[in-house]
Amino acid sequence: MAEILLENYCFPENLVGMQEAIQQAIHSGEILQVQDRKTLAAVLSVGVQGALNDPRLAVTYEPNYVPVLPPLLPSLPVEQLVRLVRNSVKLDFLENNVAYLRMDRIIGAGMAAKLGPLLRDNIWNKVADTSSMIFDLRYSTAGELSGVPFIVSYFSDPGPLIHIDTVYDRPSNSTEELWTTSSIMAERYGKKKDLIILTSKRTMGAAEAVAYTLKHLKRAIVVGERSAGGSVKVQKIKIGDSGFYITVPVARSVSPITGHSWEVSGVAPSVNIIAKEAVVNAKLLLAVRSAIPKAVQSISNIIERYYAFTDRVPALLYHLQATDFFSVVSEEDLTTKLNQESQAISEDPRLIIRLEEDQFAFADNNDSEDEKVPDDSVFLGTLADALFKVEILADNTGYLRFDVFFDSSLVPELMEHMDKTVWEPLKDTENLIIDLRYNTGGSSASLSYILSYLHDGMQKHHFFTIFDRIQNTTIEYDTLPGITGPSYGSKRGVYVLTSYYTASVGEEFAYLMQSLHRGTVIGEITSGTLMHSKTFQVEDTGIAITVPFINFIDNNGEFWLGGGVVPDAIVLAEDAVDHAHEIIEFHSGLEPLIREMGKLLEMHYGIHEVAVKVSEVLLTKWAEGMYRSVVDLESLASQLTSDLQETSGDHRIHILYCDVAPETTREVPKIPTAEEVGYIIDALFKIEVMPGNVGYLRFDMMIDLDVVKAIGPQLTKSVWSKIVNTDALIVDMRYNTGGYSTAIPLLCTYFFDAEPLWHLYTVFDRSTSTVTEVTTLPRVLGQRYGSHKDIYILTSHVTGSAAEAFTRTMKDLKRATVIGEPTVGGSLSSGTYQITGSVLYASIPNQVVLSAVTGKEWSLSGVEPNVVAQAADALNVAQRIIAARQAKKEKGKYNVFVAYAAFPPSLIVDMAKILLDNYCSPEKLVGMQEAIDAASSNTEILNIPDPETLANVLTAGVQSTINDPRLKVTHEPHYVPVVAPQMPPLPPEQLIAVLQSSIKLDILDGNIGYLRIDHILGKEVVDKIGSLLLELVWNKILPTSALIFDLRYTSSGDMSGVPYIVSYFTDAEPLIHIDNVYDRPSNTTTELWSMSTLLGERYGTTKPLVILTSRNTHGIAEDVVYCLQNLKRATIVGEKTAGGSVKIDKIKVTDTDFYLTVPTAKSINPLTGTSWEVKGVTPDVEVHAEDALVTAIKILNLRAQVPAIIGGAATLITEKYAFEAAGAEVAEKLNGLLASGEYNAVNSKAELETKLSADLKTLSGDKGLKTTSNTPALPPMNYTPESLIELIKVSFQTDVFENNISYLRFDMFGDFEEIKAIAQVIVEHVWNKVVNTDAMIIDLRNNIGGPTTAISGFCSYFFDADKKVLLDTLYDRPSGTTEELWTLPELTGTRYGTKKSLIILTSAATAGAAEEFVYIMKRHGRAMIVGEATSGSSHPAKTFRVGETDVFLSIPTVHIGQLRRARLGGHRRGNPHIPVAAEAALGTAKGIFNKHFGGQQ
């Protein structure tokens, strides 16, 4: 049997180790002791299938088997061949010119050659003229592979031949490549017409090859079921002279298109549907696809005709025509594809393609046509009064409010009236507030009129341009020449107030005020209303396209694509006016601050001509309004810093916002006392003599020279004398941010000989206008270090100021080697100057430093180290360099005066080649050549004699260049590569021991399985021990109700094991693409898919799965976690994982002892497009690793209760909810959500309650239907008469306005019985204050409801006593009773009656009983409602416990008789008669009454 496999099995590479397995099986003797031959055959089948993981292998015992040789079809008579073809081929023509071709046998090349004309005339040429084809292979179970090239060629265009399959035949050990043919015997169908292939579970063999090839060539859409997963060629071979046979696949197919095969796994359909419905579905699909060209053309025509960006139209049209719509199988797919493609090319969020049923708030927003205006001066005057509200506020600030931009046709007629009513009153104000908080838009053409008044009339200003694609006109809007009234000009401040309600043209105005630098915008971000667009229906589809036909172009030539306007000062709309006054006051003092800044710069900046230029630029910017967006001192500091740095090119200039004066503005340090000297030295200096007589000196501040001189003797004794006699010195400046530069010459002097004096640098000081040539000093206190011993200076990105200057000097003069990070790039000396007594301070570099070597100004950038290293590693690198140099000195191989490279430049080049050939992200290596050249020429790096130090330096370099911490260079002369051990053949008892050591299994309370795996087994091992795994592990896990999969300790594994694990927790169909692994050395990508066949049963997708992780979860285990998490199959509990890698190789650098550790492969998850590598997997529930198991058990116990909780909630809603039909429907849909797995991922009770509340609101539309807590009611309070009166006074707010209009506000309804007891008190202290007025405003904007029992009593006050009125009816669902609400015949106090006017104010917060009162009063026509739509809440709900759980539901059980509730639509929000923003409601109501009492209607 083994010999047959070795000679015939089509996967010989899987037979490695077969000889050992044979010997083990023979020696064990157990198999051969089986007496029953059929049982033995079954045992052998299981063994060979498990060993090779191939279900096609089968051993049978058939002593009477007679091989049946299939007839050689080409040798049959033509008549039989014709009959065979007619029985296996069916041709039909469907409506819409669709061909239907059913082929139950793939005709081979030989048979096709013999019947060529017959096939051509009766099949291929007949379908050639059809528009599309359904190619039915659902019943195709036979055929020859040689026929596949013809069929694929028939559905392809002439052109380059395509390699479509590779077939390997094991018995002959030969490979045959299948290619399309250049010529065929029939007219080609081509590749432009739609082709649908139908498949079923029975589709097998050559038909699968056809479907697989055409699908992956993107030539056909496969509809139906996954095919059988047959084979190219299977033979049944007799085993010796016995009656045993073995069935073996002797040939295999590998698609060169995918690198995979259809064998065993089958062909997955593009549209998965049961086979018997495939034809119907294919027809529908063809209908959709047939509409694609017309839909694309229709959309292209609309875009070409209407789209405002004409320059983008050609690219859009070309892209739409070139787009591949192969994957489109529904109208929704088509819409999504079109929208994505159009927005990607246009980069215009206004261009939107959507399905009609999509609920988007898009509406055509076209400028309305100008209406004819009556030529009536009285009418125009009244209109101007109605449109504009003008006031003069405190501090002579004008206030102008208008809520709509008037039609452009009104401009000429309105101008005279507006001059008098608007601009004349405002002309002498110092600043102007324009209130757009309630402005919802209007005509864009009127913008230029208002903007003209806000600019100087003597100059022409361009405001904006509108390009209208429909009219094909471009209109530039400039200042209007015919302004007759007083211009407000451009010098005074304008402050525009906005809110969320500011929309359309109101937004355009706010946007222009910012872009023109004419005003300051204050308030809320505007609504972002889509403007200037038209929506078109795409003919014969459900697709609509919204096209912007107008482009709005500002004065800078920028296109405004809509979206909300972000204010310069973001505040609540109601606070905007107050904030505007604050900003006005701030702006009044802005110019002196900017002038003072310029003066300070001219006085102190190192380069005077630059300072003068910058000062002029600042004032010009201020005069042009560039600082109008500045709204406080902090934003001023930021804007000034940006302008100063941009204009000067000097990043060291800063404006600081400080409540306390910065340190540098204070007096120079005083000379310390004798007692303070010791403390200063201990605090500032750290010294050490390291091994090898290496000195270490760290100081974190450059102290003043006078201080150094004062403490010199003690400093020399305590610090310098201890390190001066070392052989090398490390000066650590990593934490030195600067200080005083006066001590730099003294410090440098110690590192040079006394003669000659060294020129260090030259300083020009702007403050004193002096030039100083700085040199070393002739004399110093104590012994010099000299010029021959090595100095190493350590730096970091915070090394700055004077410390940076010392470092730069020592590097320029080649007196020190600098190791670490580039320095900050600060200045030698910066003065800090207060700006006119404010909390702003200017930090100005007041010196220019010239290099002693080049004579040029020092660069403003930081000092580049000679040896780049991470700051934390810099000391270690320096020590290694010193140790290596000292070792070479001792051997006479190192001379400090000779330029010597310890390693050749080719070392870096060789490492770079390894990276280019092996690094898994080659796209990150762009620009690598420049880095190689720089590193190869860096003699300081190559000068490092110590190979370990060099390795660390190179590691830091390559990690920072590529930004990948996994890259590492090491020097390991004794490194021996470790070869992963192969699993040897083991007896069963040892295999069991191995499994038990790496796998832990337990069954916890509640039938929860616990499985811990510390190593992910690969395919090879699983194939060998699969049966043991089933018996010892998996079969014990299967019966559990839920599983905890513990990977907290899993740090190793094999990538080939991932599909096994994922497959056991997913369904067999459809296959899931779970990972892509890209291998750089081979430049190949391996797709990992779930498996259709497995040993044993699957755990499935319905039972809960929780995976435990820790920071030790590493590598392949992370891939398992990441895949199952993103498939939403598992909940991850624990810590974030390690962030390992798929594969890391340690590669030797040519013939050196250096090794480069490189990630050579990477994982890219097809679901997310990203990976877990480096960053790790973030758990769904993050807890400490040691708490993860307990947390997981709690989660699973909760999930076990979820069905009962959701079911109990559904039952309560069915029985108790006020609206019976709606309650039943909500309950049914809630149970549907449970059944569909919506609650499978709940991790806590709070999460469950939040989700349940959200779902109930979505399903019912009722805010009152939700989860709640069962908090007991507080006991009633016993108030004294005095405290009760005070409480009532606080609870009610009353006032009487002009025209005898009363105002009553209360924020909650009370219980009737409680109110009845205190009614007389309320009447005396509240009601009597408002009842005798001529009209009343009841303010319920903040009323959140309360008990409803007092509603009928309160309503009764507003109806007459002589007529009883039925206010409403209440239906109580649990009791089934109906209660009528009538006005009361007797009341405490006087009624208001029905004759006097009543306005009720509402807001979105008005809820519950307050809404019911509003509804009743509105329904009976008793009150006008002004404000916002109310909350839409229900009659007060009751609380019910869900079963025996601790979850409670709030369920509205009562509804009012006049049903105002759409089916499952929730309580409609009570819409007001006059909708205005809540904050504007009171003013609107007063205005209505005042006009009413003033005789206006």
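Considerations on the overall build of the chain
- Each helix and strand counted, the chain has 41 helices and 63 strands in total.
- A burial count over the chain gives 50% of its 1497 residues as buried.
- Put simply, of all contacts in the chain between residues at least 6 apart along the chain, 76% involve residues at least 24 apart.
- Accessible surface for the chain amounts to roughly 69,600 Å². Of this, 53% is attributable to carbon and sulfur atoms.

Some thoughts on the pattern of salt bridges
- The tally for this structure, following the rule as stated, stands at 39 salt bridges.
- Note that Glu424 is salt-bridged to Lys427, the shortest N-O span being 2.7 Å.
- When its relative accessible area of 36% is taken as the criterion, Glu424 is described as partly exposed.
- Through salt bridges with shared partners, one network takes in Asp54, Arg56 and Glu263.

Side note on the environment of Leu1156
- Looking at where Leu1156 falls in the secondary structure, it is placed in strand E50 (residues 1154-1164).
- Spatially, the C-alpha atom of Leu1156 lies 9.3 Å from that of Ala951, the residues being 205 residues apart in sequence.
- When near neighbours in sequence (up to four residues on either side) are disregarded, Leu1156 contacts Met911, Ile914, Leu915, Lys968, Val969, Asp1145, Lys1146, Ile1147 and Val1149.

A short note on the sheet that holds strand E60 (residues 1438-1441)
- Taken in spatial order, the 3 strands of this open sheet run E52-E61-E60, and their pairing is antiparallel. Only two strands of the sheet have a single partner each, and these edge strands are strand E52 (1266-1268) and E60. Within the sheet, the average angular offset between the axes of one strand and its neighbour, ignoring direction, is 40 degrees.
- Of the pairings in the sheet, the one linking E60 to strand E61 (residues 1448-1451) comprises 4 bridges and is antiparallel in character. Directly across from Arg1441, in E61, lies its bridge partner Phe1448.

Here we look at the sheet that holds strand E38 (residues 867-868)
- Spatial strand order, E28-E29-E30-E33-E34-E38: 6 strands in an open sheet with mixed pairing. The sheet is open, and its two edges are formed by strand E28 (685-690) and E38, each paired on a single side.
- Pairing between E28 and strand E29 (residues 694-699): 6 bridges, direction antiparallel. Across the sheet, residue Phe685 finds its bridge partner in E29, namely Phe699.
- Lying on the sheet, helix H20 (residues 674-684) is in contact with E28 and E29; it crosses E28 at an angle near 60 degrees.
- Contacting E28, E29 and strand E30 (728-732), helix H21 (residues 705-723) crosses the sheet at an angle of about 30 degrees to E28.

A few points about a nonpolar patch on the surface
- Among the surface-exposed residues, Ile525, Val566 and Ile570 lie close enough to one another that they form a single nonpolar patch of about 270 Å² accessible area.
- According to the relative accessible area criterion, Ile525 is partly exposed, its value standing at 39%.

What about the packing of aromatic side chains?
- Applying the stated criterion across every chain yields a total of 50 aromatic pairs.
- Both rings, one in Trp124 and one in Tyr154, keep their centres 4.5 Å apart while their planes meet at 55 degrees; by these two values the pair is tilted. Taken as a pair, Trp124 in helix H6 (residues 116-127) and Tyr154 in helix H7 (residues 148-154) lie far apart in primary sequence, 30 residues in all. Exposure class is identical for Trp124 and Tyr154. Each is buried.
- Arranged with centres 5.1 Å apart and planes meeting at 85 degrees, the rings of Phe402 and Phe405 form a pair that is edge-to-face.
- One aromatic cluster is present, formed by Phe1292, Phe1306, Phe1309, Trp1327, Phe1354, Tyr1357, Phe1358, Tyr1392 and Phe1413 through successive ring pairs.
- Positioned over the ring face of Tyr189 is Lys193, at 4.1 Å from the centre of the ring.
- Looking at Lys789, its charged tip hangs above the ring of Tyr785, at a distance of 3.9 Å from the centre.

With respect to the packing of helix H17 (residues 590-604) against helix H19 (residues 633-648)
- Running from amino to carboxyl end, H17 crosses H19 at an angle of 40 degrees, the nearest separation of the two axes being 12 Å. Between H17 and H19, the angle falls in the class oblique. Considering only the axes of H17 and H19, their crossing is right-handed. Across the interface between the two elements, Leu590, Leu593, Met597 and Leu601 from H17 touch Leu633, Leu636 and Leu644 from H19.
- Looking at the contact of H17 with H19, its residues break down into 7 nonpolar, no polar and no charged.

Remarks on helix H23 (residues 801-812)
- With 12 residues, H23 extends 16 Å between its outermost C-alpha atoms, agreeing within 8% with the 16 Å of an ideal straight helix rising 1.5 Å per residue.
- Along H23, the residues classified as buried are Ser801, Ala802, Ala803, Glu804, Ala805, Phe806, Thr807, Arg808, Thr809 and Met810.
- The inward-facing, buried residues of H23 contact E30, helix H22 (744-749), strand E31 (759-765), strand E33 (790-795) and strand E34 (817-820).
- Positioned one or two residues after H23, Lys814 has a phi angle of 55 degrees, which is positive.

Some thoughts on the side chain of Glu821
- Structurally, Glu821 can be placed in the loop between E34 and strand E35 (830-834).
- For the buried Glu821, no salt bridge is present, and the opposite-charge side chain at shortest range is Arg734, 8.7 Å distant.
- Setting aside residues up to four positions removed in sequence, Glu821 forms contacts with Thr795, Ser796, His797, Val863, Pro865, Ala869, Gln870 and Ala871.

Observations concerning the nonpolar core
- In terms of nonpolar packing, the biggest core is built from 46 residues, with Met702, Leu729, Val731, Phe751, Ile791, Phe806 and Met810 touching the most fellow members.
- Of all elements in the fold, only H20, E29, H21, E30, H22, E31, E33 and H23 reach the threshold of two or more residues within this core.
- Excluding anything up to four places from it in sequence, Met702 contacts Met733, Asn736, Gly738, Gly739, Tyr740, Ile744, Leu747, Ala802, Ala803 and Phe806.

Digging into unusual backbone geometry
- Along the chain, Glu755 connects to Pro756 via a cis peptide bond; the corresponding omega equals -10 degrees.
- Tracing the chain through its elements places Pro756 in the loop between H22 and E31.
- Along the chain, Glu1069 connects to Pro1070 via a cis peptide bond; the corresponding omega equals -10 degrees.
- Along the polypeptide, Pro1070 turns up in the loop between helix H31 (1058-1064) and strand E45 (1073-1079).
- With a phi angle near 60 degrees, Lys218 is a residue other than glycine that sits in the positive phi range.
- The backbone phi angle of Val264 is positive, close to 70 degrees, even though this residue is not glycine.
- Examined against the element boundaries, Val264 turns out to sit in the loop between strand E12 (244-254) and strand E13 (271-272).

What counts, and where the lines are drawn
Residues numbered from 1 in each chain as written. Predicted model: local features only at pLDDT ≥ 70, side-chain atom pairs only at ≥ 80, totals over all residues. Heavy atoms only, no water. Helix = DSSP H or I, 4+ residues; strand = E, 2+ residues; numbered from the N terminus. Buried < 20%, exposed > 50% of the residue type's maximum accessible area, 1.4 Å probe, protein only. Contact = heavy atoms within 4.5 Å. Areas by Shrake-Rupley, 256 points an atom, 1.4 Å probe, with all protein chains shown as cover. Salt bridge = Lys/Arg side-chain N within 4 Å of Asp/Glu carboxyl O. Pairing = 2+ DSSP bridges. Axes fitted to C-alpha atoms, helices over the stretch in contact; angles between N-to-C directions. Patch = residues over 30% accessible without salt bridge, like charges linked within 9 Å, V, L, I, M, F, W, Y side chains within 5 Å. Phe/Tyr/Trp six-rings, centres within 6.5 Å; stacked < 30°, edge-to-face > 60°. Lys NZ or Arg CZ within 6 Å of the ring centre and 35° of its normal. Parallel < 35°, antiparallel > 145°, perpendicular 65-115°, else oblique. Left-handed = near helix turned anticlockwise from the far one by under 90°. Nonpolar A, V, L, I, M, F, W, Y, C, P; charged D, E, K, R; others polar. Expected span 1.5 Å × (residues − 1). Lys, Arg positive; Asp, Glu negative; His and termini not counted. Core = buried A, V, L, I, M, F, W, Y, C linked by side-chain atoms within 4.5 Å.

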